Amino acid sequence: MRDCYCTVNLDQEEVFRTKIIEKSLCPFYGEDFYCEIPRSFRHLSFYIFDRDVFRRDSSIGKVAVKKEDLQKYHGKDTWFQLQPVSADSEVQGKVHLELRLSEVITDSGVINHKLATRVLECQGLPIVNGQCDPYAAVSLLGPSRSEAKKTKVKRKTNNPQFEEVFYFEVTRPLSYTKRQFDVEEEDVDKLALRVDLWNASNLKFGDEFLGGVRVPLRVLGQAGVHDAWYFLQPRENGGKSVKVEELGSLRLNIVYTEDHVFPSEHYTPLRDLLLHSANVGPVSASTAHILGEVCREKQEAAIPLVRLFLHYGKIVPFISAIAHAEVNRTQDPNTIFRGNSLTSKCIDETMKLAGMHYLQVTLKPIIDEICTEHKPCEIDPVKLKESENLETNRENLRHYVDRIFNVITTSGVRCPTVMCDIFFSLRESAATRFQVDQDVRYTAVSSFIFLRFFAPAILSPNLFHLRPHHPDPATSRTLTLISKTIQTLGSLAKSKSVFQWYFSRPFPLRFMIKRAQGRNRFGMKNFKKRWFRLTNHEFTYHKTKGEGALCSIPIENILAVERLEEESFKMKNMFQVIQPERALYIQANNCVEARDWIDILTKVSQCNRKRLSTYHPSAYLNGHWLCCKLSADTAPGCTPCTGGLPANIQLDVDGDRETERIYSLFSTYMTKLIKMQEACGSKSVYDGPEQEEYSSFVIDDPQETYKTLKLIVSAVQTLEQQHTKYKRDKFKKTKIGSQEHPIGDKSFQCYIRQQSESSTYSI
C-alpha cells in the first residue's frame, strides 16, 4: 500500500498539490483546482508521488498533455495511462540555432564546404536540484561522422546566451573552378546536426540531460542558410524500460479556455444586449437569462455573467431581477432557492468573488484553533475510540459550534456591500411573494449565507485559503460535524444582524523569501525566508509564525507592486513592493502565488494618492539600475506601471474578455438558440399542450424572447466572421521556427513544406 498525492505542474513548475491519500493503491482525490495561467507553457503535467517520511518522495508516474492537445479533453472525464518519469524525459525550453553552409579556401587553394553552426541562446530550461549551469554539446551525425564540440558553461541561468560558432566539414574537397555549392544530395540526406543541452554538475553522478534537438541538414535547402527556434525534445530511448500498464492510470477532468480578445468596440452590440438584461420585461426574455437556458450547465453561464456585471457595477439589479422572477415561480416557501438555478449559481459566484477575504477574517482564527488543538468531537457511538468520552466530545463540539455561529452572526461590519445589497433584495422579494410566512425573508438569505458560503468553507478550509494544507482525518471529521451543524442552525436563522454587514480585507500568513531592504546601514542584503501577512492596514513579515513583526509597511506607503525581472538576481517568481525610500524584493513559491500576491497587494493599495506611474523593472545593484543604467537610486522609473487591479472588487475584471467568453458559449450552443427560436414560434401560434422538445426552456413572453434571440444570433454571427478572418490572417503570417512558434515534432514536416514552397506562399 502507498501514501499517494498528485501535483499539477506547468511544464515542471508545481502550482498545486492534493491531499495525501494514505494506504491505498486506488486513491480518490475529488479536488478542484482553478487558476489563471500567467505565462506561456508547453505541457500541463500531473505527477503521482509516493510519500516517504524518511527519504525524498518517489515519483510513480506522470501524465503530460501538450498545450495544443488540451482542447481534445476539454470538459471530459478521461482516464490517462501513467507514463514513467526519468531524467531523460523531463525536458522543457527551446534553443535558437543558425546553420550556414559556406565555402572555405585552404592554403593550397582547395575549396572545402563547411557547416557553420551558431548556438545563439536558450530559453526556459529546467532547474535541476535548485540550479541550472547549462552548456551545449554540438555533434554532426551521419554514416561515418561523430564529431562533438561544447560551448562554455553559463552559470546560474536557465536562459543562457551562448553566441558560439562551430565548424564541421560536410563535403569532400571540390575543384576551385566550381563556384556553386556542389553538395551531393545523398550525402546531405544522411547528415544531421545534434544539439544537446546539459547541466554541469559537481555530483559524482555526472551532468544532467536538459533536452536536445536533431536537425537534418536538408533544411538548408538551396539557400544554404537556416535560422530557427526549436523545442527541446527528450532523449531517444533514454529512459528505463518500464511496462506502462504496471504504473496505473489517472482520471482527470480538464477545462482549458484560451480566448482571443478583440478591441472593445467589437463587442459593443453583444455587451449592450447583456447589460440591458435587468431592464428587459420579462427578464426571461433577456440576453443573460437566455444564456443560462441554452448552456448545458448553469455554472458555465454564471461565471462570465457575474464577472461582467460586477465590472460594470450592475450585478445587484441583474441578480435582483432574475431572483424576483424565480421567487414568483416558486410555489412552496420551503424550497426557495434550493435548486441549481441561474439565480443560485450567480449568487454563489458573486460570493466567491466578493466574499473571500470576508471569509478569512471571520473564520480563519477559529479554524486555525480547531486544527491546532485536535480536540475530539466525535459523537457517533459507533466511531468513538476507547479512550474518548461521548459527553466530553459533545461538549467540545458544542463549544466550537457556539463560537463559529457567534462570529458569523456578529460579523456585521465585514460583509461586502455588494452581498448585503443582494441579500436585501432577496429578502424583499421573498417577503412580498409569501406575505403569510414571516420567516421566509430570513430563510431565503440564510440558505445562501450559511448553506452555500460558510458551511463549505468550514468543511474544506484549504479550498478557501483558510488553511495552507488539507486537515488530517480526525480534524476533517470535526470540521464535517461542525459544518453540518452550522447548516442546520442556518436554516433556522432569523437574526436581523444578518443584514447589517460591512467589509474589510485581510490575507493569510504565507511563507516566502525576501531580500534585506538595507534598513541598517551596515547590514548585509541577503535573502531570508520569512512569514508574510497582509491586513487591511499593513503588510508585515515575521521570522516565525508566532512572533511579532520584524518589519511593518503601512498600506498607504505602498506606491506600486510589480514583477521583478528574473535577471536581477537569477531567481524566478520575484516581485517588488515599492515604498517611498526603498523597494522590498520578494520571491514567491510559484508563478501562480506570485500573481496572487501582486493582485491582492495592488488591490489594497490602489486608492493610495501617491501611487507611482512608472517603476524600474530590474533591481538597483552595484550603484546603478540594471534596466536603465541610471546611477541615482532615486531616479524616476523607466517603465510605465501596469496599473494592476483596482481596490473595488467590482472592477477586478476584464469586461471584454468576459464578453468574448459569453460569445464562445453562444457560438457553442448555437443549435439550442435556433431550437429556442422554434419554441417561441410554436408557443405564439399554438395554444395546446407544450411540445416535449421545447419544455426545457423558460419562455414567459414568446414575442419578446424571439426578438432578443434574433439580436443575439446576429451579434454572434458578426463576431464569428471576425474570428474567422483573424484566424485566416494569423495562419498566413505564422512563421514556423520563430521564437513564438518553435519547431517541434509535429511542425517539422510543415516547416520543410513551407521552405520548399516559399517561392509562392508562406505558411
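Scoring rules and cut-offs
- Residues numbered from 1 in each chain as written.
- Predicted model: local features only at pLDDT ≥ 70, side-chain atom pairs only at ≥ 80, totals over all residues.
- Heavy atoms only, no water.
- Helix = DSSP H or I, 4+ residues; strand = E, 2+ residues; numbered from the N terminus.
- Buried < 20%, exposed > 50% of the residue type's maximum accessible area, 1.4 Å probe, protein only.
- Areas by Shrake-Rupley, 256 points an atom, 1.4 Å probe, with all protein chains shown as cover.
- Pairing = 2+ DSSP bridges.
- Axes fitted to C-alpha atoms, helices over the stretch in contact; angles between N-to-C directions.
- Expected span 1.5 Å × (residues − 1).
- Contact = heavy atoms within 4.5 Å.
- Polar contact = N/O pair within 3.5 Å; in protein donor to acceptor, adjacent residues only side chain to side chain.
- Phe/Tyr/Trp six-rings, centres within 6.5 Å; stacked < 30°, edge-to-face > 60°.
- Lys NZ or Arg CZ within 6 Å of the ring centre and 35° of its normal.
- Core = buried A, V, L, I, M, F, W, Y, C linked by side-chain atoms within 4.5 Å.
- Parallel < 35°, antiparallel > 145°, perpendicular 65-115°, else oblique.
- Left-handed = near helix turned anticlockwise from the far one by under 90°.
- Nonpolar A, V, L, I, M, F, W, Y, C, P; charged D, E, K, R; others polar.
- pLDDT = per-residue confidence, 0-100.
- Salt bridge = Lys/Arg side-chain N within 4 Å of Asp/Glu carboxyl O.

As annotated in an unreviewed UniProt entry, the chain is RAS p21 protein activator 3 from Dicentrarchus labrax.

(A) Looking closely at the overall build of the chain. Across its full length, the chain holds 15 helices and 25 strands. Per-residue burial for the chain yields a buried fraction of 48% across its 763 residues. For the chain, the exposed area adds up to about 39,300 Å²; of that, 50% sits on carbon and sulfur atoms.

(B) Focus on the sheet that holds strand β1 (residues 4-10). A sheet is described by the order of its strands in space; here four strands give the open sequence β2-β1-β3-β4, paired in antiparallel fashion. At either margin of the open sheet sits one strand with a lone partner, and together these are β2 (13-17) and β4 (58-66). Taking each pair of neighbouring strands and ignoring which way they run, the sheet shows an average axis angle of 30 degrees. Pairing between strand β3 (residues 43-50) and β4: eight bridges, direction antiparallel. If you follow His43 over to β4, its bridge partner there is Lys66.

(C) Local environment of helix α10 (residues 473-490). Compared with an ideal rise of 1.5 Å per residue, which puts 18 residues at 26 Å, α10 spans 25 Å between its outermost C-alpha atoms and is within 8% of the ideal. Listed in full, the buried residues belonging to α10 are Thr475, Thr478, Leu479, Thr480, Leu481, Ile482, Ser483, Ile486 and Gly490. Those residues of α10 that are buried are in contact with α6 (342-373), α7 (390-409) and α9 (440-459). One side-chain oxygen at the N-terminal end of α10 lies 3.1 Å from the backbone nitrogen of Ala474; it belongs to Asp472.

(D) Structural view of the environment of Asp348. Examined against the element boundaries, Asp348 turns out to sit in helix α6. Spatially, the C-alpha atoms of Asp348 and Arg452 are 7.0 Å apart, while their sequence positions differ by 104 residues. Here Asp348 is in contact with Phe448 and Arg452, once residues within four sequence places are set aside.

(E) Broad picture of the packing of aromatic side chains. Considering all chains together, one arrives at 20 aromatic pairs under this definition. Ring centres of Phe453 and Phe454 lie 5.0 Å apart, and the angle between their planes is 65 degrees; this geometry places the pair in the edge-to-face category. When its relative accessible area of 4% is taken as the criterion, Phe453 is described as buried. Where Phe532 meets Tyr541, the ring centres are 5.5 Å apart and the plane angle is 50 degrees; that geometry is what we call tilted. Neither Phe532 nor Tyr541 differs from the other in exposure class; each is buried. Here Lys94 stacks its cationic end above the ring of Trp229, 5.6 Å away from the centre of that ring. One residue, Arg433, lies across the ring of Phe434, its end atom 4.8 Å from the ring centre.

(F) Quick look at the nonpolar core. Leu305, Leu363 and Phe666 are the most contacted members of the largest nonpolar core, which has 91 residues in total. For this core, the element with the most residues is α6, which contributes 13 residues. With residues near it in sequence (within four places) discarded, Leu363 still touches Ile404, Val407, Ile408, Phe454, Ala457, Ile458 and Leu466. Formed by 32 residues, the second largest nonpolar core is a distinct cluster that contains Val170, Val219, Tyr230 and Leu232.

(G) Spatial organisation of helix α11 (residues 591-605). Taking 1.5 Å as the rise per residue, α11 with 15 residues should run 21 Å; its terminal C-alpha atoms sit 21 Å apart, in good agreement. Listed as buried for α11 are Cys591, Val592, Glu593, Ala594, Trp597, Ile598, Ile600, Leu601, Thr602, Lys603, Val604 and Ser605. For α11, the side-chain oxygen to backbone nitrogen distance between the N-cap and Val592 is 3.1 Å, and the N-cap itself is Asn590.

(H) Summary view of the packing of helix α3 (residues 287-294) against helix α12 (residues 655-668). Two numbers describe how α3 lies on α12: the axes approach to 10 Å, and their chain directions differ by 50 degrees. In terms of their interaxial angle, α3 and α12 are classed as oblique. The handedness of the crossing between α3 and α12 comes out as left-handed. In contact with Thr287, Ile290, Leu291 and Val294 of α3, α12 contributes Ile662, Leu665 and Phe666. In terms of residue class, the contact of α3 with α12 is made up of six nonpolar, one polar and no charged.

(I) Looking closely at the confidence of the model for the chain. Counting all residues, the mean pLDDT for the chain is 82, and 85% of those residues have values of 70 or more. Every residue in residues 173-186 is under pLDDT 50, and counting partners more than four places away or in other chains gives 25 contacts. With pLDDT under 50 throughout, residues 756-763 is counted as low confidence; its partners more than four residues away or in other chains account for nine contacts.

(J) Focus on the pattern of salt bridges. Applying the stated criterion across every chain, the model contains 35 salt bridges. Notably, a salt bridge pairs Glu258 with Lys67, separated by 3.8 Å at the nearest N-O pair. Here Glu258, found in the loop between β14 (249-253) and α2 (268-275), pairs with Lys67, found in the loop between β4 and β5 (77-81); they are 191 residues apart in sequence, far enough to count as distant. Note that Lys572 is salt-bridged to Glu566, the shortest N-O span being 3.9 Å. When salt bridges that share partners are traced, they join Glu98, Arg100, Arg118 and Glu163 into one network.

(K) Summary view of the pairing of β3. Taken across its eight residues, β3 has eight buried, putting it largely inside the fold. Of the strand pairs in this sheet, β1 and β3 are connected by seven bridges, and their pairing is antiparallel. When the bridges of β3 are listed, Cys4 appears paired with Asp50.

(L) The arrangement of the environment of Ala549 in detail. Mapping Ala549 onto the fold places it in strand β18 (residues 549-554). Look at Ala549 and you get partly exposed, because its relative accessible area is 42%. Between the C-alpha atoms of Ala549 and Phe539, which are ten residues apart in sequence, the distance is 9.6 Å.

(M) Representation of unusual backbone geometry. Residues Gly281 and Pro282 are joined by a peptide bond in cis, for which omega reads -10 degrees. With respect to the helices and strands, the residue Pro282 is situated in the loop between α2 and α3. The residue His374 is not glycine, and still its phi comes out positive at about 55 degrees. In this structure, His374 sits in the loop between α6 and α7. Residue Asn573 is not a glycine yet carries a positive backbone phi of 60 degrees. Along the chain, the position of Asn573 falls in the loop between β19 (560-563) and β20 (574-578).

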